[in-house]
Amino acid sequence: MTVSQQLITIGMVVLGTVLTRFLPFLLFPAGKPTPKYIQYLGTALPSAVFGLLVVYCLKGVSLFSGSHGIPELLSIAAVAGLHLWKRQMLLSIAGGTLCYMLLVQFVF
């Protein structure tokens, strides 16, 4: 990439970041009530993202070769256990990822 292409790329990334940070505050100011569909998305999207992560992570698992999906199954159990215990999605995802990485690196 030339210097001008690099500067244009950096500028577009900065513009995209600024827009995604400030646009919600411009569209939904503090004094006005949040629209119902935005409230719905706020409750529905976290579960949808979690489901999408499960499908994405399990799409390549083969039960008939390799480790037979055991690290994945144990990590899913860890995610479910952490989520039932603490009810924090970020902790559940991070804990499951850590569990999977440790199992794949040191056990399987």
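Heads up: the structure comes first, above all this text.
Residues numbered from 1 in each chain as written. Predicted model: local features only at pLDDT ≥ 70, side-chain atom pairs only at ≥ 80, totals over all residues. Heavy atoms only, no water.

J.: What should I look at first to understand the overall build of the protein chain in this one?
T.: Each helix and strand in the protein chain was counted, giving four helices and zero strands. Each helix (α) and strand (β) of the protein chain, taken in turn from the N terminus, gives the series α-α-α-α. Computed over its C-alpha atoms, the radius of gyration of the protein chain comes to 20 Å, more than 25% above the 13 Å expected for a compact globule of 108 residues. Dimensions of the protein chain, computed from C-alpha atoms along their principal axes, come out at roughly 50 × 45 × 20 Å. Taken over 108 residues, the protein chain has a buried fraction of 9%. The contacts of the protein chain with a sequence gap of at least 6 include a subset with a gap of at least 24, amounting to 46%. Taken as a whole, the protein chain presents about 8,800 Å² of accessible surface, with 75% of it coming from carbon and sulfur. (Helix = DSSP H or I, 4+ residues; strand = E, 2+ residues; numbered from the N terminus. Rg over C-alpha atoms; globule rule 2.2 N^0.38 Å. Buried < 20%, exposed > 50% of the residue type's maximum accessible area, 1.4 Å probe, protein only. Contact = heavy atoms within 4.5 Å. Areas by Shrake-Rupley, 256 points an atom, 1.4 Å probe, with all protein chains shown as cover.)

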